[in-house]
Amino acid sequence: MIDYKSLRREIKEMEDLKEIENVYDVFEKKLENMQNTLQRIIAPNMKAVEKLDTVKEKLQETTEEFEFARKKAKKAKNDFELVQKKRYDRFMDAFDHVSTRIDEIYKHLANSQSAQAFLGPENPEEPYLDGISYNCVAPGKRFRPMDNLSGGEKTVAALALLFAIHSYQPSPFFVLDEIDAALDNTNINRVARYIRKQTEDDFQCIIISLKEEFYTKADCLIGIYPEEDNCIVSKTLSLDLRKYTPTPVNQEEEDEMI
C-alpha cells in the first residue's frame, strides 16, 4: 500500500491530467535514478577490488625499493664521509710533518737561523683540492715572493721542500740531475754536506754534476765519456773515494775555508 502523506499539498490537489502526468514523469525518472544507484550498491564492481589489490602490491614494492635505496644512499654517504676523513687525516699528517721539517731543513741548507721557510694550504677546509703556497725568506733578506728569488735561492728552497717530503716517507735513494747548476760554491758545499749527513741513515744519492765542488763529498765518482772516434758509444770510468780518508773539518772551519 502506497503512503501519499509525504506528497506536497499542491500535488495532492492537482486536477489537471496533463500536470499530473508531468509530475508522474518526474517521479518516474527519480525512481529510475534511485533504482540504478541501488543496483550499483547491491552489485559492486568486483574488478575494483582486484585493481585495489594490484595497487597495494605495487605500493608495497615501491615502498621496499624506496627503503632499500634510502639505506643504500645513507651507507654511501657514510662511506664517503669516512673516506673523506681518512683523506683529510692522511693529507694533514703529511702536511704537518713537511711544514714543520721544511723550516729546519731550509735553515740547515742556508746555514742561517734567520732563514725561514713555510707552507700554507690555499684551502684550509679541504687542502687536497687546491694548491699549497710555499714561501722562503733568504738569510739577511726581507720577504719576497718565490718568483722574485734568484736561481740559487730557488734551488735551495726546492731542495728544502724535496728533503722535507723525503723525511716523511724516506725513499731508498735519490737521483738528482745538475741541482748545482744555479748554485755558487758556498751553497754547493752546504747542499753536499747536508746530503752527506743523510747518508748516515742508509740514504743513497746519485748526483749528476759538472762541478768539482760536489766531487769531494762523494763516496764514488763515475765519469761518462764518448769512445774515441765514435761519439755514439759511451764509456765509463769509476773511482772509489772511500779508501781516501779526508782530514776531518767541522762545519764552521769549512765555511771559513769557502
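This section reports on the structure supplied with the text. Everything numeric here is computed off the predicted structure, so don't read it as measured data.

### Here we look at a negative patch on the surface
And step 1. A cluster of acidic residues, Asp16, Glu19, Glu21, Asp25, Glu28 and Glu32, forms a negative patch at the surface.
And step 2. Under the relative-accessibility criterion, Asp25 is labelled partly exposed at 48%.

### Comments concerning the packing of aromatic side chains
Remark: the centre distance and the inter-plane angle together describe each pair of aromatic rings, the angle taken between the planes.
And step 1. Inspection of every chain in the model, using the stated rule, returns six aromatic pairs.
And step 2. Both rings, one in Phe91 and one in Phe95, keep their centres 6.3 Å apart while their planes meet at 10°; by these two values the pair is stacked. Residue Phe91 and its partner Phe95 are both found in helix H3 (residues 46–110); the two are separated by four residues, about one turn of the helix.
And step 3. Aromatic side chains Phe118 and Phe143 sit 6.3 Å apart centroid to centroid with 20° between the ring planes, which places their arrangement in the stacked category. Here Phe118, found in strand S1 (residues 116–121), pairs with Phe143, found in the loop between strand S2 (132–137) and helix H4 (151–168); they are 25 residues apart in sequence, far enough to count as distant.

### Quick notes on the pattern of salt bridges
And step 1. This structure, assessed with the given rule, holds 10 salt bridges.
And step 2. Among the salt bridges present, the one from Arg70 reaches Glu67, with a minimum N-O distance of 2.5 Å. Placement of both Arg70 and Glu67 in helix H3 is noted, with a separation of three residues, approximately one turn of the helix.
And step 3. Taking the shortest distance from any N to any O, the salt bridge between Lys77 and Glu81 comes out at 2.6 Å. Residue Lys77 and its partner Glu81 are located together in helix H3, separated by four residues, close to a single helical turn.
And step 4. According to the relative accessible area criterion, Lys77 is partly exposed, its value standing at 48%.

### Some points on the nonpolar core
And step 1. Counting residues in hydrophobic clusters, the biggest one holds 33 residues, and the most contacted among them are Tyr106, Leu109, Tyr134, Cys136, Phe163, Val191 and Ile195.
And step 2. With eight residues, H3 is the largest single contributor of residues to this core.
And step 3. When sequence neighbours within four positions are dropped, the list of residues in contact with Ile195 reads Phe163, Leu176, Ile179, Phe203, Cys205, Ile207 and Phe214.

### What about a nonpolar patch on the surface?
And step 1. Among the surface-exposed residues, Phe173, Val175, Ile206 and Ile208 lie close enough to one another that they form a single nonpolar patch of about 380 Å² accessible area.
And step 2. When contributions to the nonpolar patch are tallied by element, the ones reaching two or more residues are strand S3 (173–177) and strand S4 (204–208).
And step 3. Structurally, Val175 is set in strand S3.

### Quick word on the environment of Lys154
And step 1. Note that Lys154 resides in helix H4.
And step 2. Taking C-alpha positions, Lys154 is 8.9 Å from Cys136, a pair spaced 18 residues apart along the chain.
And step 3. Excluding anything up to four places from it in sequence, Lys154 contacts Met146, Asp147 and Leu149.

Calculation notes
- Residues numbered from 1 in each chain as written.
- Predicted model: local features only at pLDDT ≥ 70, side-chain atom pairs only at ≥ 80, totals over all residues.
- Heavy atoms only, no water.
- Patch = residues over 30% accessible without salt bridge, like charges linked within 9 Å, V, L, I, M, F, W, Y side chains within 5 Å.
- Areas by Shrake-Rupley, 256 points an atom, 1.4 Å probe, with all protein chains shown as cover.
- Salt bridge = Lys/Arg side-chain N within 4 Å of Asp/Glu carboxyl O.
- Lys, Arg positive; Asp, Glu negative; His and termini not counted.
- Charge placed at Lys NZ, Arg CZ, Asp CG, Glu CD.
- Buried < 20%, exposed > 50% of the residue type's maximum accessible area, 1.4 Å probe, protein only.
- Phe/Tyr/Trp six-rings, centres within 6.5 Å; stacked < 30°, edge-to-face > 60°.
- Helix = DSSP H or I, 4+ residues; strand = E, 2+ residues; numbered from the N terminus.
- Core = buried A, V, L, I, M, F, W, Y, C linked by side-chain atoms within 4.5 Å.
- Contact = heavy atoms within 4.5 Å.

None of this, on its own, says anything about what the molecule does.
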